[in-house]
Amino acid sequence: MFIFNLTYVRPLSEVERLLPAHIRFLDEHYKKHLFMCSGRKIPRTGGIILCNCDKMDRARAIMEKDPFYKEGIARYEIISFTPSRSSEAFQTALSEHIR
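Quick look at the structure, then. Note that the structure is predicted; figures quoted are calculated from it, not measured.

**Let's talk about the overall build of the protein chain**
Then, in step 1: Helices and strands together make up the secondary structure of the protein chain, namely four helices and four strands.
Then, in step 2: Reading the secondary structure of the protein chain in the N-to-C direction produces β-α-β-β-α-α-β-α.
Then, in step 3: Against the 2.2 N^0.38 benchmark of 13 Å for 99 residues, the protein chain shows a C-alpha radius of gyration of 14 Å, consistent with a compact globule.
Then, in step 4: For the protein chain, the C-alpha atoms occupy an extent of roughly 40 × 25 × 20 Å along the three principal directions.
Then, in step 5: Counting every position in the protein chain, which comprises 99 residues, the buried fraction comes to 34%.
Then, in step 6: Looking at the protein chain alone, contacts between residues at least 24 apart form 72% of all its contacts between residues at least 6 apart.
Then, in step 7: Per element, the accessible surface of the protein chain, about 6100 Å² overall, is 53% carbon and sulfur.
Then, in step 8: Mean positive and mean negative side-chain charge positions of the protein chain (16 and 12 charges, respectively) differ by 2 Å.

**Remarks on helix α1 (residues 12-31)**
Residues spaced three or four apart along an α-helix face the same direction, because each turn holds 3.6 residues.
Then, in step 1: For α1, which comprises 20 residues, the first-to-last C-alpha distance of 27 Å matches the rise-based estimate of 28 Å (1.5 Å per residue) to within 8%.
Then, in step 2: The principal kink in α1, of about 50°, is found at L19, preceding the proline P20 by one to four residues.
Then, in step 3: The complete set of buried residues in α1 reads V15, L18, L19, A21, H22, F25, L26 and H29.
Then, in step 4: Looking one or two residues past α1, H33 carries a phi angle of roughly 65°, positive in sign.

**As for the pairing of strand β2 (residues 35-40)**
Then, in step 1: Of the pairings in the sheet, the one linking β2 to strand β3 (residues 46-51) comprises five bridges and is antiparallel in character. Along β3, the bridge assignment pairs S38 with I49.
Then, in step 2: From the end of β2 to the start of β3, which pair antiparallel, there are five residues.

What counts, and at which threshold
- Residues numbered from 1 in each chain as written.
- Predicted model: local features only at pLDDT ≥ 70, side-chain atom pairs only at ≥ 80, totals over all residues.
- Heavy atoms only, no water.
- Helix = DSSP H or I, 4+ residues; strand = E, 2+ residues; numbered from the N terminus.
- Rg over C-alpha atoms; globule rule 2.2 N^0.38 Å.
- Buried < 20%, exposed > 50% of the residue type's maximum accessible area, 1.4 Å probe, protein only.
- Contact = heavy atoms within 4.5 Å.
- Areas by Shrake-Rupley, 256 points an atom, 1.4 Å probe, with all protein chains shown as cover.
- Lys, Arg positive; Asp, Glu negative; His and termini not counted.
- Charge placed at Lys NZ, Arg CZ, Asp CG, Glu CD.
- Expected span 1.5 Å × (residues − 1).
- Bend = angle between axes of the 7 residues up to and from the residue.
- Pairing = 2+ DSSP bridges.

Written out as structure tokens, the structure is:
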């Protein structure tokens, strides 16, 4: 599992311009059960995506498809982790959709 930690490096006006394409990117990966959750940071300096895949190279390939990445809107940090504790609902979601 991976955390994509996005930090905006361009003005919010440029973020807003690409937001529809970024949302399509998110929707595509939610449909594939690769994204578990996502959202804006508060304050709005970037975002977080929880990606359910098994290899760093696959996570990086997914990240590189994000319009925010392609257009240089955000800097990405990819953090690999293995959940050692979580709710039953989260475990069920993982076991049903691990890819």
